[in-house]
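Spelled out, the chains give:
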Amino acid sequence: MDFDLTEEQRDFQKAVRQFAQEVVAPVAEEHDREERFPLEVVRRMGELGLFGLPFPERYGGLDGDFLTFCVCLEEIARFDSSVAVTLEAAVGLGANPIYRFGTEDQKERWLVPMARGKILGAFALTESGGGSDARSIRTTARLEDGEWVIDGSKAFITNSGTPLSKVCVVAAVTGDGEISTIVVPTDAPGFTVGRAYRKVGWRASDTHELAFEGCRVPEENLLGERGRGHAQFLEVLDDGRIALAALATGLARGCLEESVKYATEREAFGRPIGSFQALQFKMADMRVAVETARLAYLRAAWLKDHGRPYKTEAAIAKLYASEIAVTCAREAVQVHGGYGYIEEFPVARFYRDAKILEIGEGTSEIQRLLIARDLGLPGTEL
């Protein structure tokens, strides 16, 4: 394995870093404070090609690899996790299922505009009564006169209610013990986008409840093979966990860089606080954590790009990166002292944004279970 980025990857990383510094960072605090979806920023990400980065050119993408996409997520999350998760969910959860399992007609209709950043897709899996226990899905879909009739509700669905949201992949029970996924346009009759959540963090990302009451879509909107829905979303979540690990690494890196900056400028007892060993050790530990988390997600992404098994490596990367992001955010607030608790300082937002990383796309407990299963330990079946 060689984790030295290619010249093309470095160029793209540099371009995204500049975009994040010049476009994302200046408005991050405002969007978070107003709990406002960063529509113009998202549109500019589309113009940059970020939504199509890992998809083939024939589907509107840039024909890049997954590792490059993850590197770009880290650069954006360094400044704003809300923008980063908007991109991560749109690509990994919205577009990726259609790319992996869709027909050519479905790809032409939905993947192409998603890859070009013209529309956003969502992945409706979680329900109020079932998160980690994905088999507890209660939303149903039955065939009637050549149409799927969907009834049920979904919770915590990212990118489901923005002006760009046009399609949703819905996991539903289609038979006894059978789960399938169905592509549902947001203007389908019987599809209602519910209230937006008031969240602790990721305040500028879009998250809604969804309701389906006799929602009708054509039979050909079935995604992939009937009854394969559970296997499909497990594959999709493996990819998402690597991407979320990259996002978490970016947040942790932001905590480190902001702490170093503050500790160099802030003085106490007649010298910069960064000269005190207690704070030096905190930031040294943060550096170790960031570098290790990056190696974990790079390895998982490399395995995926090379067609090798990566399920366990994705779980390891997601588990470690999400937990060190929480730790680094807490320590960054401590380095900043009272100012770390003031919203004008980015680390306060990073602190709020970090916790969800231990929950979304598979809790830390689920990641540990997957890793334990790979070790061959008994009682690890889901």
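As a reminder, the structure under discussion sits directly above these lines.
All residue numbers refer to positions counted from 1 along the written sequence of the respective chain. Where local features are concerned, this predicted model is filtered to residues with pLDDT of at least 70; where side-chain atom pairs are given and counted, the filter is 80 or more; whole-chain, interface and lining totals use all residues. Only hydrogens and water are set aside when side-chain values are computed; all heavy atoms of the structure are taken into account.

Visitor: Residue-level account of the pairing of strand E2 (residues 140-144), with values.
Guide: Here, strands pair whenever DSSP counts at least two bridges between them. Comment: elements are numbered from the N terminus, with helices defined as DSSP H or I runs of at least four residues and strands as E runs of at least two. For E2 and strand E3 (residues 147-158), the ladder comprises 5 bridges, and the chain directions are antiparallel. Among the inter-strand pairings, Thr140 is bridged to a residue of E3, identified as Asp151. Counting the residues that bridge the hairpin from E2 to E3 gives 2 residues, and of these Asp145 lies at a positive phi of roughly 55 degrees.

Visitor: Break down helix H2 (residues 39-48) for me, citing the residues and quoting the values.
Guide: Using a 1.4 Å probe on the protein chains alone, a residue whose accessible area is under 20% of its type maximum counts as buried, one over 50% counts as exposed, and one in between counts as partly exposed. Taken as a whole, H2 has its buried residues at Leu39, Val41, Val42, Met45 and Gly46. Considered in projection along H2, the buried side chains sweep an arc of 165 degrees and stay on one side of the axis. For H2, exposure combined with an orientation more than 90 degrees from the buried face picks out Glu40 and Glu47. Throughout, the arc means that of the directions going from the helix axis to the C-beta atoms.

Visitor: Tell me about the pairing of strand E7 (residues 207-218), residues and numbers included.
Guide: Sheet topology note: the E3/E7 ladder contains 9 bridges and is antiparallel. Counterpart to Val149 in the pairing with E7 is Arg216. Relative to E7, strand E6 (residues 191-196) runs antiparallel, the two being bridged by 4 bridges. Paired with Phe191 across the two strands is Phe212, which belongs to E7.

Visitor: Break down the layout of surface pockets for me, with residues and values.
Guide: Cavities and pockets are found on a 1 Å grid laid over the protein atoms alone: a cavity is a set of points where a 1.4 Å probe fits but cannot escape, a pocket is an open set with protein on both sides within 12 Å along at least five of seven lines, and a lining residue has an atom within 4 Å of such a point. Grid points are joined across faces, edges and corners, and a volume is the space filled by probe spheres set on the points. Approximately 1200 Å³ is the volume attributed to the largest pocket. Considering the residues around the largest pocket, the lining is formed by 44 residues, among which Thr126, Ile359, Gly360, Glu361 and Gly362 are closest to the centre. Mapped by element, the contributors of at least two residues to the lining of the largest pocket are helix H4 (81-101), strand E1 (120-124), E3, helix H6 (229-265) and helix H10 (364-374). A per-class count over the lining of the largest pocket returns 22 nonpolar, 11 polar and 11 charged. Quantified by volume, the second largest pocket comes out at close to 230 Å³. Lining the second largest pocket are 15 residues; nearest its centre among them are Glu258, Lys261, Glu344, Phe345 and Pro346. Examining the composition of the lining of the second largest pocket, we find that 4 residues originate from one element, H6, more than from any other. Note on residue categories: nonpolar means Ala, Val, Leu, Ile, Met, Phe, Trp, Tyr, Cys or Pro, charged means Asp, Glu, Lys or Arg, and polar means any other residue, Gly included. A class-by-class count of the residues in the lining of the second largest pocket yields 6 nonpolar, 1 polar and 8 charged.

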